[in-house]
Amino acid sequence: TEIIPVATSRDSELLVTQFEGRIIEDAGVIKMDFLGLKTLTVIRDALTLIRQNHGKDIDIDQVPLNDEKTLALYQRGETNGTFQFESAGMQKYLKELKPDKFEDLIAMNALFRPGPMEYIPLYIRRKHGHEKVVYDLPGTEEFLEETYGVTVYQEQVMLLSQKLAGFSKGDADMLRKAMGKKQKSVLDRMKSKFMEGATGNGHPEDKLKKIWSDWESFAQYAFNKSHSTCYAFVAFQTAYLKSHYPAEYMASVLTHNLHNIDKITFFMEECRRMNIPVLGPEVNESRFDFSVNEKGEIRFGLGAVKGVGEGAVQAMVEEREQNGPYENIFDLLSRVQMRSVNKKTVEALVKAGALDCFPDIHRAQYLAVAGNERDNGLDKVFRYASFMHDAKNRKQQSLFDDAGSGTDLPPPALPDLEPWAVLEKLRYEKEVIGFYVSGHPLDLFRYEMRNFCNRTIREIADENNWPRLAGKGSFRIGGIVTRVDHRIGRTGKRFGIFTIEDLTGSLEVPIWNEKKYLEFEKFLKEEMFLLVHAVVQNRFNSDTQFEIRVQDIRLLSETGAEMTKSITLITRARSVDEQWVERIENLVKAHPGRIPLRIALRDDRLKSEVRAGSRKLRVGFDRELFEELETMQDLEYRIDA
């Protein structure tokens, strides 16, 4: 209060000032920045799951920094979900670097910035001995040996400026600050002081200019080593947990990304890659957040379901842990208070599939209305549950345990209805959870997606890829339409914007051209399955801005039949016998169509292949056909588009 003006803030009694950090330091006050990291909470919750499932208390600050399993994870670039090292670019460099010590991670964390990034290939080549380590001046080896002659850290700049140019510690710190705060005017002023001092110490001017130029190129984003070490340490902790306790760690990652649809989809895909099943919510196993069951499978938390509050989850979990799993919906509602778990809650649980553990009743029986009835199955369930609770209360209040209390009344039969179709089940899951859990609508078109899409939506949605894709030909993506916006522009021309989603992400696609829009308008409806043929191109009168332009749209369901030129069966010649021929003939009869079937016979001994076509053998593009072919041993097939 004696140095700077202060006032109480609006929302608390804390004192604040309007002076900026730079000015505060000039006034003699210390400024500190505090960074909050969600990663620390992810680590904490993963440790809690590990304690629950394995009975181990891990001191995360004491994990060995030479742990082989963790370093192997970095060497494979399998860092999705870990801290700091999960970008595609970083993964590429990690695979090339193959870090075998913690110091490599510190250096990579400091180098992976727009300025110093150009030095990463040099660092990698020198680490693996593909290029000789060269020092611009003999005196620099002392400070640059650990980073193979590449200046990586601010501390190296400070020490070198003192050794080469005779900078005082104060001058070296000023240089560090100027680099960290991007103060170009200060850097320019200190350059002349550096050149003068270093040449005075007998160092050649051309070498000094190169050293200063290297410093300038990464000055904008330079890290100090202590900062990079702290980041790399937290990153290593996350990678340690992912490599040693993958299910518990990924469950924690999923919990803390639950409300980001793109991220949760991405991390669920990562779990699938790691062969960790992610199961939907279930009242007999789920907790509030994501958890890991005894089989090592990740189970969705009940808290992920819209309309299911924390109080309801707590009531169900506590009762289940005290008195065992629920036998059916009637057992559940008789054991928990109906004010905690109401009809709206149970309806959301049904839609999410959380009651599928009760096999005698399927989802439609709870929510659909049969024939001329007014009530659905859930209405009957709650009437029965309410009656049973009242009967229990009457029994407790009575002095006599009379047989007519009503507590032995059998539960009602729910309507006998057809189960929901796959798409309807998935639609309800998305309604209450925000995305598909038990499957994906595109599973029905996996063969079309695999054979006719040459890009994933995640690739196209990343605008950093657009400059690379522009002018490189068209791409094809497939997916389900999740949102459509039909519009009319100021000039009266019609256009549309639709969002398409595949297993990797979602993308907003505009169709500005009215002629194209009118041509494809019939496809622009929610829940349509489409194959979109498009290009990335420069926007009008711009070399730096890009846009997606749609060329063609067709239904995924018609893609296979329209785009497949032939289907080739590939097998070894010795595998073909009468039984094999008969099975193929039966398949052709069972799946007729117009697509020619070809045979390719391989002979491994002669290292040759004979291909043969047939005028008679024609099949349809049929999912069941491909599933049948995949069960046949020693047979591959190829869809020729």
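Residues numbered from 1 in each chain as written. Predicted model: local features only at pLDDT ≥ 70, side-chain atom pairs only at ≥ 80, totals over all residues. Heavy atoms only, no water.

A. Summary view of the side chain of His440. Checked against the element boundaries, His440 lands in the loop between α20 (422–433) and α21 (446–452). Discounting chain neighbours no more than four positions away, the residues touching His440 are Leu426, Ile480, Glu501, Asp502 and Leu503. (Helix = DSSP H or I, 4+ residues; strand = E, 2+ residues; numbered from the N terminus. Contact = heavy atoms within 4.5 Å.)

B. Local environment of helix α5 (residues 102–111). The buried fraction of α5 amounts to 9 of the 10 residues, a majority that puts the element mostly inside the structure. Inspection of α5 places Phe102, Asp104, Leu105, Ile106, Ala107, Met108, Asn109, Ala110 and Leu111 among the buried residues, and these make up the whole buried set. If you follow the buried residues of α5, they end up packed against α3 (68–76), α4 (88–97), α6 (120–127) and α12 (225–244). (Buried < 20%, exposed > 50% of the residue type's maximum accessible area, 1.4 Å probe, protein only.)

C. Quick peek at a nonpolar patch on the surface. Side chains of Ile30, Met32 and Phe34 sit close together on the surface and give an oily, nonpolar patch of about 450 Å² of accessible area. Along the chain, the position of Met32 falls in the loop between α1 (21–26) and α2 (38–54). The exposure class of Met32 is exposed, given its relative accessible area of 59%. (Patch = residues over 30% accessible without salt bridge, like charges linked within 9 Å, V, L, I, M, F, W, Y side chains within 5 Å. Areas by Shrake-Rupley, 256 points an atom, 1.4 Å probe, with all protein chains shown as cover. Salt bridge = Lys/Arg side-chain N within 4 Å of Asp/Glu carboxyl O.)

D. Here's a closer look at the nonpolar core. Counting 102 residues, the largest nonpolar core has Ile298, Ile329 and Tyr366 as the members making the most contacts within it. The biggest single contributor to this core is α12, with 8 residues. (Core = buried A, V, L, I, M, F, W, Y, C linked by side-chain atoms within 4.5 Å.)

E. Summary view of the pattern of salt bridges. Counted according to the given criterion, the structure contains 48 salt bridges. Between Glu131 and Arg125 there is a salt bridge, and its shortest N-O distance comes to 2.8 Å. For Glu205, the salt bridge identified is with Lys209, shortest N-O distance 3.5 Å. One end of the pair is Glu205 and the other is Lys209, both in helix α11 (residues 205–219) and 4 residues apart, which spans about a single turn. Connected through salt bridges with shared partners, the residues Arg76, Glu78, Lys242, Glu270 and Arg273 form a single ionic network.

F. Representation of the sheet that holds strand β5 (residues 298–299) in the model. One open sheet accounts for 3 strands, arranged β3-β5-β4; its pairing is mixed. Two strands bound the open sheet, and with one partner strand each, they are β3 (278–279) and β4 (291–292). Bridge count for β3 against β5 is 2 bridges, and the pairing is parallel. The partner of Val278 across the bridge, within β5, is Ile298. (Pairing = 2+ DSSP bridges.)

G. Quick look at the pairing of strand β7 (residues 494–501). Summarising burial for β7: 7 of the 8 residues are buried, a large majority. In terms of strand pairing, strand β6 (residues 475–488) meets β7 through 8 bridges, oriented antiparallel. Bridging across to β7, Ile488 finds its partner in Arg494. Linking β6 back to β7 in an antiparallel pair, the connection comprises 5 residues, with Gly492 at a positive phi of about 90°. Two strands pair when backbone bridges link them, and β7 and strand β8 (residues 506–511) are joined in this way by 6 bridges, in the antiparallel orientation. By the bridge assignment, Thr499 is partnered in β8 with Glu508.

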